[in-house]
Amino acid sequence: MNENMTHEAGTPAAPPPLASWWDDTGMLYVGLSVLGAVAGGALAQLVWSSQPQQSTQGTMSIAAIVLSQVQFGSFHGAAIGIAQWIVLHRLVRRALRAVSGRGLSQPERRLSRDTALWIVATVAGGSAASALGGAISGLLVQAQAYALLGLPSVILHGLLGGGVLGTAQWLVLRRHVPGARTWIRSTIGGNLLGQFVSYFAWRFMLARLMSASPTTASLTTGQQMLLGAVWTVPAILILAVFQARRLKRLAPGWLERMHGAARKEGSVGRNRVAGSG
């Protein structure tokens, strides 16, 4: 092991500088988040298109809209959660190797377990956020408030959906990361801006496709998947960048806490050895 990482056996070294391993972690977090979102969205679209569809959203009940959004959110959340978990698990293991000397197996197992909870939190948060968006759309349709179905509902969903997802993920982060509450704020901001940009990108692409097809019902499955990707990619890209930047800001305090735990564990181990001697 690098001599700069540990001093003597059982004694943790000082936390390493973030620059040495943050850059690739941040880019990987953003890249895998986007890939996971595209894969999850495509899978959800394939499942959705294989089911009997009603002709217009106006004929669908709120319950049906919410159910379809929960289905979409669960596929989406699972794919994104697994992709992000790969990065976070890698980050945890690298950080533990950097700050611990020997004998930190129990905290390592606990951290590994909690990073797995990230998948559960992202699935739950993504499903709830999608269901909330479906409920908002359904209520606006029933109230015939069609003027609010555009940008106003997108802004509302960006705020509420980001809050739901951010809170679900914060419940995992707060166990180990000091100041983790700011994660919610970054997730809301990223989701709001992402939804805003995606709305206009989606409208532009829809207008191009509609020039060849008179109604959205006549769009092929491939075209519908393209529309989904046009909405998903900017939204998740911007959200992941916001979250990655926040993770970078939170990492020093988290790393310092891990170093303190390693130092305490090493001190306990040395005291036990001295007591037995």
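Treat the numbers as computed from the prediction; the structure is a model and nothing was measured. (Residues numbered from 1 in each chain as written. Predicted model: local features only at pLDDT ≥ 70, side-chain atom pairs only at ≥ 80, totals over all residues. Heavy atoms only, no water.)

Peer 1: Which parts of the structure should I look at to understand the overall build of the protein chain?
Peer 2: Broken down by element type, the protein chain carries six helices and zero strands. Taken from N to C terminus, the helices and strands of the protein chain fall in the order α-α-α-α-α-α. Evaluated residue by residue, the protein chain yields a buried proportion of 42% over its 277 residues. Of all intrachain contacts in the protein chain linking residues separated by at least 6 positions in sequence, the fraction that spans at least 24 positions is 83%. Element-wise, carbon and sulfur atoms account for 64% of the exposed surface of the protein chain, whose accessible area totals about 14,200 Å². (Helix = DSSP H or I, 4+ residues; strand = E, 2+ residues; numbered from the N terminus. Buried < 20%, exposed > 50% of the residue type's maximum accessible area, 1.4 Å probe, protein only. Contact = heavy atoms within 4.5 Å. Areas by Shrake-Rupley, 256 points an atom, 1.4 Å probe, with all protein chains shown as cover.)

Peer 1: I'm lost on the side chain of threonine 122 in this one. Help?
Peer 2: Mapped onto the fold, threonine 122 is located in helix H3 (residues 105–142). A polar side-chain atom of threonine 122 sits 2.8 Å from the main-chain carbonyl oxygen of tryptophan 118. Within the local environment of threonine 122, its side chain forms a polar contact with the side chain of glutamine 169, the two groups lying 3.2 Å apart. In this structure, threonine 122 is in contact with Gly77, Ile80, Gly81, Gln84, Leu165 and Gln169, ignoring residues within four places of it in sequence. (Polar contact = N/O pair within 3.5 Å; in protein donor to acceptor, adjacent residues only side chain to side chain.)

Peer 1: How should the environment of phenylalanine 242 be read in this particular structure?
Peer 2: Mapped onto the elements, phenylalanine 242 comes out in helix H6 (residues 221–276). Given the relative accessible area of 31%, phenylalanine 242 is considered partly exposed. Measuring from C-alpha to C-alpha, the distance between phenylalanine 242 and asparagine 191 comes to 8.7 Å, with 51 residues separating the pair along the chain. Those residues in contact with phenylalanine 242 that sit more than four places away from it in its chain are Ser186, Gly189, Gly190 and Leu193.

Peer 1: Would you mind showing me how to read helix H5 (residues 182–210) here?
Peer 2: A turn of α-helix holds 3.6 residues, and therefore any two residues three or four places apart point the same way. Here H5 contains 29 residues, and its C-alpha end-to-end distance of 41 Å stays within 8% of the 42 Å for a straight helix at 1.5 Å per residue. Considered for burial, the residues of H5 that qualify are Trp183, Ile184, Ser186, Thr187, Gly190, Asn191, Gly194, Gln195, Ser198, Tyr199, Leu206 and Leu209. (Expected span 1.5 Å × (residues − 1).)

Peer 1: Just to check I follow, could you spell out the nonpolar core for this structure?
Peer 2: Core analysis: the largest hydrophobic core is formed by 23 residues, its most contacted members being Tyr29, Trp118, Leu173, Val177, Trp183 and Trp254. Contributing elements (two or more residues each) for this core: helix H1 (19–49), helix H2 (62–99), H3, helix H4 (151–173), H5 and H6. Ranked by residues supplied to this core, first place goes to H6 with six residues. Excluding anything up to four places from it in sequence, tryptophan 254 contacts Leu91, Val92, Ala95, His176, Val177 and Pro178. Val34, Ile80, Leu165 and Ile236 belong to the second largest nonpolar core, which has six residues in total. (Core = buried A, V, L, I, M, F, W, Y, C linked by side-chain atoms within 4.5 Å.)

Peer 1: Where do I start with the packing of H4 against H5 in this structure?
Peer 2: Working note: a packed helix pair is described by the angle between its axes plus the distance between those axes. Closest axis-to-axis distance for the H4/H5 pair is 7 Å, and the angle between their directions is 145°. Pair H4 / H5 crosses with right-handed handedness. Residue composition of the contact of H4 with H5, grouped by class: 14 nonpolar, 11 polar and no charged. (Axes fitted to C-alpha atoms, helices over the stretch in contact; angles between N-to-C directions. Left-handed = near helix turned anticlockwise from the far one by under 90°. Nonpolar A, V, L, I, M, F, W, Y, C, P; charged D, E, K, R; others polar.)

Peer 1: Looking at this structure, how should I read the packing of aromatic side chains?
Peer 2: For any two aromatic rings, the description comes down to two numbers: the centre-to-centre distance and the angle of the planes. Taken as a whole and assessed by the stated rule, the structure comprises five aromatic pairs. Here the aromatic rings of tyrosine 199 and phenylalanine 200 are separated by 5.1 Å at their centres, their planes lie at 75°, and the arrangement is edge-to-face. Accessibility expressed as a relative area gives 41% for phenylalanine 200, which makes it partly exposed. Arranged with centres 6.5 Å apart and planes meeting at 80°, the rings of tyrosine 199 and tryptophan 231 form a pair that is edge-to-face. Taken as a pair, tyrosine 199 in helix H5 and tryptophan 231 in helix H6 lie far apart in primary sequence, 32 residues in all. On the basis of relative accessible area, tryptophan 231 is assigned to the partly exposed category, the value being 22%. Taken together, the ring pairs in this structure connect Phe196, Tyr199, Phe200, Trp202 and Trp231 into an aromatic cluster. (Phe/Tyr/Trp six-rings, centres within 6.5 Å; stacked < 30°, edge-to-face > 60°.)

So, to be careful, I would describe these as geometric facts and stop short of saying anything about function.
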